[in-house]
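Coordinate analysis (summary)
Next come the chains, spelled out residue by residue.
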Amino acid sequence: MKKQLITVFVMAILFALPGKAQKPVYLDDTKSIEDRVKDALSRMTLEEKVKLCHAQSKFSTSGVPRLGIPELWMSDGPHGVREEILWNSWGVASWTNDSCTAFPALTCLAATWNPNMSAIYGKAIGEEARYRKKDVLLGPGVNMYRTPLNGRNFEYMGEDPFLASTMVVPYIQEVQKNGVSACVKHYALNNQEIWRGHINVELSDRALYEIYLPAFKAAVQKGGVWSIMGSYNKVRGQHACHSELLLQNILKGQWGFDGAVITDWGGAHDTREAALNGLDIEMGSFTNGLTSESVFTYDDYYLAKAYLKMLKEGKVPMSTIDDKASRVLRLIFRTSMNSKKPWGSFTSEEHYKVSRTVAEEGIVLLKNDPLSKKIPALLPLDGAKYHKILVVGENATRRLTEGGGSSVLKVKKEVSPLVGLLAKYGDKVVYTKGYESGRVMYENIDKIPASVVDSLRAEAIKQAMDADVVIYIGGLNKNHLQDCEAGDRDSYALPFGQNELINGLLKVNKKMVMVLISGNAVEMPWVKDVSSILQAWYLGSESGNAIANVLSGEVNPSGKLPFSFPVKLKDNAAHSFGEICYPGDSINEEYKEDILVGYRWHDTKKIPALFSFGHGLSYTNFSYGKAIISDKAMAEGDSLVVTILVKNTGKIAGKEVVQLYIGDEKCTLVRPLKELKGFKKIALQPGEETVVNFTITADDLKFYNDQASKWIAEAGKFKVYIGSSSTDIRSKIEFSLQ
Ligand code: GLC
């Protein structure tokens, strides 16, 4: 008996010893994240909670050292994991282990019109971010393409909310499977770079809800994104980073977002608004988000000492800090403190394959017609037919992963178009630069001496005289005032004297293939004089291999444009209502085109685009049967099925994006002629045919009635357009909503 008592006594002692104490809930990953958040919050001081809500360095926020809650580390960007930046400056840390895989720009991803591409892209970039020990990847960007001049369109997913909403979701889901938070940006209405830090955007609720918010809403409600980045600009008078409308009413109220709102770097401007309107993490304050440094310490941030003081004085409710700290803790438990997260991987062959596959699927064949009896459609380019293949253009050799702003990448590999073509066609390839754009600069553009411009041009034209075929590789680049953050293009035309060069080349050789590398539409005065035009994007590490594979026909192009190419700038909606509509008067800007953005404008105003939204050719052809609809009438709550037969009538395998648009024939409010409501990418062998089905529900028919402040489908007639682009409609069919 005595022995037993002693045993019990010893056990009791042992059990009481700290070493055996029950693990605190917040450290116990068998507990729910909500329980862990509550427990951690209950253990934290007010000072510790406030410290969670602002930066401690350029790209990190502090955790709670006393409780063993780790820091949060963030990194750009949407196309790859940016090289390490110094603790408290925009300078690079010159590490030797951070050269990443560059994936194609998101315009290219959107141009694949293939959500599976978003999934493999998100998985790969998420693995790279995880391997680099980053908890928040600052991307993807889904701001709508409103004007071809916006410097950052290359980072986004085009002009249509349905396309962007569909393509953004798998990217986010797959990134986050790595225990890395995606950070969808820039929320919202950051559709230009001019005056980005303060321009106040005014627009209707219809435009806001129908065009500019859907991709963010999909990211939150379908993608389950764990963080979102507020944009620099103002919306209806308040900075987006602490906008009551955007953050409290819509994002957290209507959409139920449970993640953390992070400012763009330098996007916070007011403690009271930041405290009350739902900002959770303040980054980069007092800087321009790119190059200029702050002179303040992190304690001087709006959500630092000043906020703590207001809390202590009861000027803002304690509930605000508990909401913020809870959201930041939730983000930490999902990422840095997620003990189940994988290890990631970096610059693997698998990642290069993903980069190349997305690039190949996103390249768009804009034109490929015979020019005359003597000049056939030049693509695919059969090397056996030629002795001298002249490659002209700076973009054949320029490193296009550099520049562009915060999406800049230090890469282990970037196969240039010239290297890709040399690998494909060997010594038949001769290269001449043709034009020069100077160094990668933020502040200004090198002025290239006229003598250099003339000699480069003369040499290219001389070389073209005896070339069997010319492959021109030009377009824009990542220089300031091109496809680059913090500035917009100042012209719709190709820069660096390219049009003069192109015209000079065409005078001596009509057999020219144009490969345009850009993230934006450009003016093409020579479009009738060339047989073949390829829209290649900033394609990343495997750029040259992807371009060579498509030019040679090893890969049959299947990309479709995610935005319209207007013939001239004033055909674009945002450029049709004077300065106040774009770029604004430097204080305010009014989106006067309202919901008629992109093809919605071209269709409704009957202004043909040079190349339409959804346009993209193939080396094979596809025939479409007649669309069939399951019922001519749809009752509220019903759904209809539209089917159509598509056949590959050519001699090689190919992929086609079958697009479904719906037009409301009669509505009390203005509506576009038609809007994208479905698309399917199908692969068909020569001669193969398949039936493509689309299901239509009342949601596809709704518009946002801003008088009633709700989505409404009005009874009446609707038209279904099925086609190979927004203007290449192959079949129409009507039905009515009861
Ligand atoms: C930049 C960009 C944003 C980027 C951030 C950090 O100004 O607007 O996209 O993620 O600052 O570099």
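Structure's up top.
Residues numbered from 1 in each chain as written. Predicted model: local features only at pLDDT ≥ 70, side-chain atom pairs only at ≥ 80, totals over all residues. Heavy atoms only, no water.

So, the overall build of the chain
A tally of regular secondary structure across the chain gives 18 helices and 27 strands. Scaling as 2.2 N^0.38, a compact globule of 738 residues should have a C-alpha radius of gyration of about 27 Å, and the chain matches this with 27 Å. Summarising its shape, the C-alpha atoms of the chain cover approximately 105 × 65 × 65 Å along the three principal directions. When the 738 residues of the chain are sorted by exposure, 62% land in the buried category. For the chain, the share of sequence-separated contacts (at least 6 apart) that also reach a separation of at least 24 residues comes to 76%. Counting 89 positive and 85 negative side-chain charges, the chain places the centres of these two groups 3 Å from one another. (Helix = DSSP H or I, 4+ residues; strand = E, 2+ residues; numbered from the N terminus. Rg over C-alpha atoms; globule rule 2.2 N^0.38 Å. Buried < 20%, exposed > 50% of the residue type's maximum accessible area, 1.4 Å probe, protein only. Contact = heavy atoms within 4.5 Å. Lys, Arg positive; Asp, Glu negative; His and termini not counted. Charge placed at Lys NZ, Arg CZ, Asp CG, Glu CD.)

So, the pairing of strand E11 (residues 389-392)
The two faces of E11 match: Ile389 and Val391 on one face and Leu390 and Val392 on the other face are all buried. For E11 and strand E12 (residues 429-432), the ladder comprises 4 bridges, and the chain directions are parallel. Across the sheet, the residue bridging to Val391 is Tyr431, located in E12. One crossover worth recording links E11 to the parallel E12 by way of helix H14 (residues 417-425), and it is right-handed. With 4 bridges joining them, E11 and strand E13 (residues 469-475) adopt parallel strand pairing. (Pairing = 2+ DSSP bridges. Right-handed = clockwise from strand over helix to strand, strands pointing away.)

Digging into the site of the ligand
Around the ligand lies a shell of 16 residues, among which Asp76, Arg152, His186, Tyr232 and Asp264 are the nearest. Between His186 and the ligand, the recorded distance is 2.7 Å, taken from a side-chain N or O atom to an oxygen atom. One of the side-chain nitrogen or oxygen atoms of Tyr232 is found 2.7 Å away from an oxygen atom of the ligand. Within the complex, the protein chains bury 100% of what would otherwise be the 310 Å² of accessible surface of the ligand. (Near = heavy atom within 4 Å. Polar contact = N/O pair within 3.5 Å; in protein donor to acceptor, adjacent residues only side chain to side chain. Areas by Shrake-Rupley, 256 points an atom, 1.4 Å probe, with all protein chains shown as cover.)

Digging into helix H12 (residues 318-334)
Along its 17 residues, H12 runs 24 Å from first to last C-alpha, staying within 8% of the 24 Å computed at 1.5 Å per residue. The buried fraction of H12 is high, at 13 of 17 residues. (Expected span 1.5 Å × (residues − 1).)

Side note on the nonpolar core
As a rule of thumb, soluble globular proteins bury nonpolar side chains together. Core analysis: the biggest nonpolar cluster contains 119 residues, and Tyr187 and Trp265 have the highest contact counts within it. In terms of residue count, the dominant contributor to this core is helix H6 (residues 161-176) (8 residues). If sequence neighbours within four positions are ignored, Tyr187 has contacts with Leu213, Phe216, Ile228, Met229, Gly230, Ser231, Ala240, Leu246, Leu247, Ile250, Leu251 and Trp255. Within the second largest apolar cluster, 70 residues are counted, among which are Leu378, Val429, Val470 and Ile471. (Core = buried A, V, L, I, M, F, W, Y, C linked by side-chain atoms within 4.5 Å.)

Some points on the packing of helix H13 (residues 349-362) against helix H17 (residues 543-552)
For the pair H13 and H17, interaxial distance at closest approach is 9 Å and the crossing angle is 40 degrees. Between H13 and H17, the crossing angle belongs to the class labelled oblique. In the packing of H13 onto H17, the handedness of the crossing is right-handed. Of the residues in H17, those touching H13 at Arg356, Ala359 and Glu360 are Asn545, Ala546, Asn549 and Val550. (Axes fitted to C-alpha atoms, helices over the stretch in contact; angles between N-to-C directions. Parallel < 35°, antiparallel > 145°, perpendicular 65-115°, else oblique. Left-handed = near helix turned anticlockwise from the far one by under 90°.)

Some thoughts on the sheet that holds E13
By way of backbone hydrogen bonds, the strands of a sheet pair with one another, either parallel or antiparallel. Across the sheet, 6 strands lie side by side as E10-E15-E14-E13-E11-E12; this open sheet has mixed pairing. Each edge of the open sheet is held by one strand with a lone partner, namely strand E10 (364-368) and E12. Neighbour-to-neighbour, the strand axes of this sheet turn through a mean angle of 20 degrees, independent of strand direction. Of the strands in this sheet, E11, E12, E13 and strand E14 (512-517) are in contact with H14, which crosses E12 at around 160 degrees.

Concerning the environment of Ile125
For Ile125, the position within the fold is in helix H5 (residues 115-131). A relative accessible area of 0% means that Ile125 is categorised as buried. Taking the C-alpha atoms as reference points, Ile125 and Pro583, 458 residues apart in sequence, are found 34 Å from one another. With residues near it in sequence (within four places) discarded, Ile125 still touches Gly77, Pro78, His79, Gly80, Val81, Phe103, Leu137, Tyr171 and Val175.

Some words on the side chain of Asn153
Mapped onto the fold, Asn153 is located in the loop between strand E3 (136-137) and H6. Of the polar contacts made by the side chain of Asn153, one reaches the side chain of Asn150; its length is 3.1 Å. Filtering out sequence-adjacent residues up to four positions away, Asn153 remains in contact with Thr107, Tyr145, Thr147, Pro148, Gly519 and Asn520.

Observations concerning unusual backbone geometry
Lys185 connects to His186 through a cis peptide bond whose omega is -5 degrees. Here His186 lies in strand E4 (residues 181-187). The omega torsion across Tyr187 and Ala188 is 0 degrees, close enough to zero to call that bond cis. With respect to the helices, strands and loops of the structure, Ala188 is situated in the loop between E4 and strand E5 (200-202). Of note, Lys133 is a non-glycine position whose phi angle comes to about 60 degrees, a positive value. Locating Lys133 in the fold gives a position in the loop between H5 and E3.

Details of helix H9 (residues 244-254)
What H9 keeps buried is the set Leu246, Leu247, Ile250, Leu251 and Lys252. Mapping the buried residues of H9 onto a view down its axis gives an arc of 160 degrees, with all of them on the same face. Phi for Gly256, located one or two positions after H9, is positive at around 70 degrees. (Arc of directions from axis to C-beta.)

Description of the sheet that holds strand E26 (residues 716-723)
Spatially, E19-E27-E26-E21-E22 is the arrangement adopted by the 5 strands of the open sheet, whose pairing is mixed. Only two strands of the sheet have a single partner each, and these edge strands are strand E19 (633-634) and strand E22 (675-684). The pairing of E26 with strand E27 (residues 729-737) spans 8 bridges and is antiparallel. Residue Val720 lies in a different strand from E27, and its bridge partner there is Ile733.

Examining the packing of H5 against H6
Look at H5 against H6: their axes get within 7 Å of each other, and the N-to-C directions meet at 30 degrees. As summarised for this structure, H5 and H6 are arranged roughly parallel, according to the angle between their axes. Two packed elements cross with a definite hand, and for H5 against H6 that hand is right-handed. From H5, Pro115, Ser118, Ala119, Tyr121, Gly122, Lys123, Ile125 and Gly126 reach across to H6, where they touch Thr166, Met167, Pro170, Tyr171, Glu174 and Val175.

All we've got here are geometric facts, nothing functional implied.
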